[in-house]
Amino acid sequence: MSRRVVVTGMGLICGVGNTVDEVWAGLMAGKSGVAPITGFDATLFACQIAAEVKNFDPLKFVEKKELKKMGRFIHFALATSTEAMAMSGLQVTPENCENIGVYIGSGIGGFDVIEREHTALMEGGPRKISPFFIPAAIVNLAAGQVSIRFGVKGPNMASATACTTSAHAIGDSFKIIQRGDADVMIAGGAEAAITPMGIGGFAAMRALSTRNAEPERASRPWDKDRDGFVVGEGSGILILEELEHAKARGANILAEVVGYGMSGDAYHITSPAPDHDGAFRVMRNALRDAKLQPSQIGYVNAHGTSTPIGDDLEAIAIRNLFGEHVVPVSSTKSMTGHLLGGAGGLEAGITVLALRNQMLPPTINLENQDEATKGMDFVPNKARAAKLDYALSNSFGFGGTNGSLIFKRWSE
């Protein structure tokens, strides 16, 4: 029999708040984290808005001399890992360090570092490139720096599966613990792609909202007037732990991880399959892994990016899978924006909080629900109480890569 895995800590940061408590309070209030971009002059860009992390001081987590040796996404990963480890109460010792691992991904990594060092190259020549350029930018250094920070010597891994990145990191960590390769995993993702190239690249694809005059209303999943997604930044990290290990040290258990599904669309580099088959199968696979029926799921935290095509296809897949069971579904990206490779970690944490607090976060800005989703419950505009035993979180990415996670409310 495979080992049971629980969540004993988490750290969250996004445009809505810089800690777990701030993020949850913001979501419950229906607060939008979207605003005009401040990190660079976006005047000439079609999209001038994003869900930037606000009032973040990396010096609380990184020594000043180390700042430029790490991309902003690594700063976020260190911040959320620090919060998660503190919440878990886990003490790393010479005796247990080899059984504690890290699996933190990023869809893009250090875009800010790449742009900074390219400017240095163009203006000063190759001698101006920092010797820390590569380790500051590459995706796996978030996991590497967290491993170094806490002295954990178990599996040290990273994923880069576009917007499914941190869902895969959490799901893979769940399986690592199940099969006995570690007792604890620090798992999730981080992203910091609100840069000229990041915004410019997605805008060139016409994927972003251009509701620049009303940023707080720009991200509006399943609304008839949605015109694209809003880029967010931040990180979501969970501490996953083998159940008996957690109990033995008296850990405060937040939820249990019970299911993980993966699938591929095999259709298009950016668009989901029009028959919504990949989304359907990934949720079905997670349910199968958890040995659950669709009727047992009380909430779905959807991928729900606010794109014209993707939202409806996910909704149809949910409706086809769940049948007559009208499951409440919401997209917290309506408030946080889309964290790309960090989205799955943030939203897994939100899903755990929904179970723990028996509250459904809303989909804000849902004023005129799309006809294609008629009859579905998207928890419009206002959080509400609910009785939940199981909840599911979806993540889908470019290249047709999909991941679903199922969590169970913790009870003895």
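First, a word on scope: everything that follows refers to the structure included in this document. (Residues numbered from 1 in each chain as written. Predicted model: local features only at pLDDT ≥ 70, side-chain atom pairs only at ≥ 80, totals over all residues. Heavy atoms only, no water.)

1. What about the pairing of strand β6 (residues 184–191)?
Here is step 1 of the chain: Among the eight residues of β6, eight are classified as buried, and the element is accordingly described as predominantly covered.
Here is step 2 of the chain: Across six bridges, the pairing between strand β4 (residues 100–105) and β6 is parallel. Its bridge partner lying in β6, I100 is registered against V184. (Buried < 20%, exposed > 50% of the residue type's maximum accessible area, 1.4 Å probe, protein only. Helix = DSSP H or I, 4+ residues; strand = E, 2+ residues; numbered from the N terminus. Pairing = 2+ DSSP bridges.)

2. Comments concerning helix α3 (residues 111–124)
Here is step 1 of the chain: Helix length check: α3 (14 residues) gives 20 Å between terminal C-alpha atoms against 20 Å at 1.5 Å per residue, within 8%.
Here is step 2 of the chain: Of all the residues in α3, the buried ones are V113, E115, E117 and A120.
Here is step 3 of the chain: On its buried face, α3 is in contact with α4 (133–137) and α7 (196–204). (Expected span 1.5 Å × (residues − 1). Contact = heavy atoms within 4.5 Å.)

3. Details of helix α2 (residues 72–88)
Here is step 1 of the chain: With 17 residues, α2 should cover 24 Å at 1.5 Å per step; its first-to-last C-alpha distance of 24 Å lies within 8% of that length.
Here is step 2 of the chain: After α2 finishes, the residue G89 shows a positive phi value of roughly 70°.

4. Focus on unusual backbone geometry
Here is step 1 of the chain: One non-glycine residue with positive phi stands out, namely L340, at about 55°.
Here is step 2 of the chain: Examined against the element boundaries, L340 turns out to sit in the loop between α11 (333–336) and α12 (343–357).
Here is step 3 of the chain: Overall, the relative accessible area of 3% leaves L340 in the buried class.

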